[in-house]
Amino acid sequence: RLESCTENIHKWLASNRLKLNPDKTEFMWCSSARRSGTFHQPVLSVGQSVITSTTAVRNLGVMLRSDLSMDDQISAVVRSCYYNIRQLRAIRSSLTREALCDAAYALILSRLDYCNALYVNLPATSVHRLQMIINTAARVISGRSRFSHITDFIKDDLHWLPVLQRVQFKIATMAYKSQHKLAPNYIAELITPSQTQRQGQRSSSRSTMVVPRHRNKYAERAFAVAGPSVWNSLPQDVCQAPTLTTFRKHLKTYLFDTAYNRI
């Protein structure tokens, strides 16, 4: 079926004077690490070329592995962010704190937040590696030593969300857009508002969503499961925000208070 689909794409491109380049074409067979050794690695025919499967591919700048782990992507993010942190440390004495914060946001936090919805429900060890980037960047801005306590500075001065809450912020924003027809159809179709009745009220009026049944940890990372799960955990006043701007403002306040045990 995959070869048939690829052949149709190849024919369509040829009919429109375009070319599917086999040398730049990759495909990956996804399975758990335990099951990967139980079958022969498949091959894919594209025109006259034969392409063997690979264990990792890059899509939109994100490294994806066949076992659905994000280790390669996290390693790339960590490597890139620490490079920029070293550059900031070298010029820290020449910049004001405000300029340092702007540079950190543009060079480090933006890289950390790129496609961070893929980091949902990752193991704590992976999340910790990403959190250390925020902690190190905050130490550079504050001028504190490597092993000094930095949480209070991040909370009171920088007002940065931790990594886990940043991921939840992205997932909840996507869920809000899906429910209010602000997201593409292929994302909105993954969300199903709940229509069951609870205590005399329709749950749809409470903005809840249906969480599909799932059998393993991999399924928990799919947006169809993670989106409703995060959304249903939010307070009602946050979910019922009238505009996206208001929703994002209330959502950050709620996640900030949750992260630093204010509620």
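Residues numbered from 1 in each chain as written. Predicted model: local features only at pLDDT ≥ 70, side-chain atom pairs only at ≥ 80, totals over all residues. Heavy atoms only, no water.

**Quick notes on the environment of Asp 237**
Okay, so step 1: When you line up the elements, Asp 237 lands in helix 10 (residues 236-239).
Okay, so step 2: The exposure class assigned to Asp 237 is exposed, which follows from its relative accessible area of 57%.
Okay, so step 3: Distance in space between the C-alpha atoms of Asp 237 and Pro 184 is 25 Å, their sequence separation being 53 residues. (Helix = DSSP H or I, 4+ residues; strand = E, 2+ residues; numbered from the N terminus. Buried < 20%, exposed > 50% of the residue type's maximum accessible area, 1.4 Å probe, protein only.)

**Some points on the layout of surface pockets**
Okay, so step 1: Quantified by volume, the largest pocket comes out at close to 1200 Å³.
Okay, so step 2: Lining the largest pocket are 41 residues, with Cys 115, Asn 116, Ala 117, Leu 118 and Lys 170 positioned closest to its centre.
Okay, so step 3: Mapped by element, the contributors of at least two residues to the lining of the largest pocket are strand 4 (62-65), helix 3 (97-113), helix 6 (163-179), helix 7 (185-188) and helix 11 (244-259).
Okay, so step 4: Here the lining of the largest pocket takes eight residues from helix 6, the largest share from any one element. (1 Å grid on protein atoms, 1.4 Å probe; cavity = no way out; pocket = protein on both sides within 12 Å on 5 of 7 lines; lining within 4 Å. Points joined across faces, edges and corners; volume = space filled by probe spheres on them.)

**Some thoughts on empty space enclosed by the protein**
Okay, so step 1: Taken as a whole, this structure holds one cavity of 30 Å³ or more when the rule is applied.
Okay, so step 2: Of the voids in this model, the largest cavity is the one considered here, and its volume is about 40 Å³.
Okay, so step 3: Lining the largest cavity are Leu 112, Asp 113, Asn 116, Tyr 119, Leu 130, Val 163, Arg 166 and Val 167.
Okay, so step 4: With three residues, the single largest contributor to the lining of the largest cavity is helix 6.
Okay, so step 5: Split by residue class, the lining of the largest cavity holds five nonpolar, one polar and two charged. (Nonpolar A, V, L, I, M, F, W, Y, C, P; charged D, E, K, R; others polar.)

**Looking at the pattern of salt bridges**
Okay, so step 1: Scanning all chains against the criterion turns up four salt bridges.
Okay, so step 2: Of the charged contacts in the structure, one is a salt bridge between Asp 152 and Lys 155, with a shortest N-O distance of 4.0 Å. Placement of both Asp 152 and Lys 155 in helix 5 (residues 151-158) is noted, with a separation of three residues, approximately one turn of the helix.
Okay, so step 3: Judged by relative accessible area, Asp 152 falls into the partly exposed class, the value being 40%.
Okay, so step 4: On the basis of relative accessibility, which here comes to 18%, the residue Lys 155 falls in the buried class. (Salt bridge = Lys/Arg side-chain N within 4 Å of Asp/Glu carboxyl O.)

**Quick word on the packing of helix 2 (residues 71-91) against helix 3**
Okay, so step 1: At their nearest, the axes of helix 2 and helix 3 sit 9 Å apart, and the two run at 165 degrees to each other. The pairing of helix 2 with helix 3 is recorded here as roughly antiparallel in orientation. In this structure, helix 2 meets helix 3 at a crossing whose hand is right-handed. Between helix 2 and helix 3, the residues in contact are Gln 73, Ala 76, Val 77, Ser 80, Cys 81, Asn 84, Ile 85 and Leu 88 and Leu 100, Ala 103, Ala 104, Leu 107, Ile 108, Arg 111 and Leu 112, respectively.
Okay, so step 2: Tallied by class, residues from the contact of helix 2 with helix 3 come to 11 nonpolar, three polar and one charged. (Axes fitted to C-alpha atoms, helices over the stretch in contact; angles between N-to-C directions. Parallel < 35°, antiparallel > 145°, perpendicular 65-115°, else oblique. Left-handed = near helix turned anticlockwise from the far one by under 90°. Contact = heavy atoms within 4.5 Å.)

The values are spatial; any link to function lies outside them.
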